[in-house]
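This is what each chain is made of:
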Amino acid sequence: MSERTLVLVKPDGVARGLTGEVLGRIERKGLRIVALKMLLAPRDTAEQHYAEHEGKGFYPGLLDFITSGPLVAAVVEGERAIPAFRQLAGGTDPVEKAATGSIRGDLALETQLNIVHGSDAPESAVREIALWFPELV
Ligand code: RTP
Ligand code: MG
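In this text, all values refer to a predicted model and were calculated from it rather than measured experimentally.

Here we look at the nonpolar core
Grouped together as the largest cluster of nonpolar side chains are 29 residues, with contacts concentrated most on V7, V9, V76, F85, I115 and V116. Those elements that provide at least two residues to this core are β1 (2–9), α2 (19–29), β3 (71–79), α5 (81–89), α6 (103–107) and α7 (122–132). With 6 residues, β3 is the largest single contributor of residues to this core. Apart from residues lying up to four places away in sequence, V7 is in contact with I26, A74, V76, F85, V116, H117 and G118.

Have a look at this one:
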């Protein structure tokens, strides 16, 4: 079933010049980029995006990181786009969890600096697309 997911190339990925690498992998998988923008995330957008992690030890640092520089936000569409992109991204810890061949497994070393975000469920995708692309909904 075709569905949409929200992808972020996080500030570390943009700063390292990996935006094209990430978008290229999405396209080569056969997924379609249907909306795309670069922006400095406002603090309140970052807080809403990561609301599920409020109260965790890494949450303040995560907000500082995600607002530390420009990021690229994309709406990606295709068959099973949500799990398909999660597989392209690899597990959260780039060394212990992400497989070689995945974006994180190939390109990252640290859990916070793991290059990309992808929605983890249909409800998250709807919420996150509305948050980052209010003009689309
Ligand atoms: P994301 O939401 O960014 O797509 O990543 P994810 O689902 O794979 O991981 P999640 O558990 O939702 O965590 C969100 C982001 O927070 C940072 N993090 N740091 N230091 C830590 O223990 C820790 N745990 C998570 C990572 O940047 C992770 O992607
Ligand atoms: Mg997550």
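What to know about unusual backbone geometry
Unusually for a residue other than glycine, R80 sits at a positive phi of about 45 degrees. Within the secondary structure, R80 is located in the loop between β3 and α5. Taking the C-beta count within 10 Å as the criterion, R80 has 14 such neighbours and is therefore assigned partly exposed. With a phi angle near 75 degrees, I115 is a residue other than glycine that sits in the positive phi range. By secondary structure assignment, the location of I115 is in the loop between α6 and β4 (116–118). Among the residues examined, I115 registers 25 C-beta atoms within 10 Å and is labelled buried.

Rules behind the numbers
- Each chain carries its own residue numbering, running from 1 in the written order of its sequence.
- Chain A is the first chain written and ligand 1 is the first ligand written, with later ones labelled in order.
- Per-residue local features are limited, in this predicted model, to residues with pLDDT of at least 70; the limit for side-chain atom pairs, both in listing and counting, is 80 or more; totals at the level of whole chains, interfaces and linings are taken over all residues.
- By convention the nonpolar core is taken to be a set of buried residues drawn from Ala, Val, Leu, Ile, Met, Phe, Trp, Tyr and Cys and joined through C-beta atoms within 7 Å.
- Buried means a residue has 20 or more other C-beta atoms within 10 Å of its own C-beta, exposed means 12 or fewer, and partly exposed covers the counts in between; C-beta atoms are placed from the backbone.
- A helix here means a DSSP run of H or I that spans at least four residues, while a strand means a run of E at least two residues long, and both kinds are numbered starting from the N terminus.
- What counts as a contact here is a pair of residues whose C-beta atoms, placed from the backbone, lie within 7 Å.

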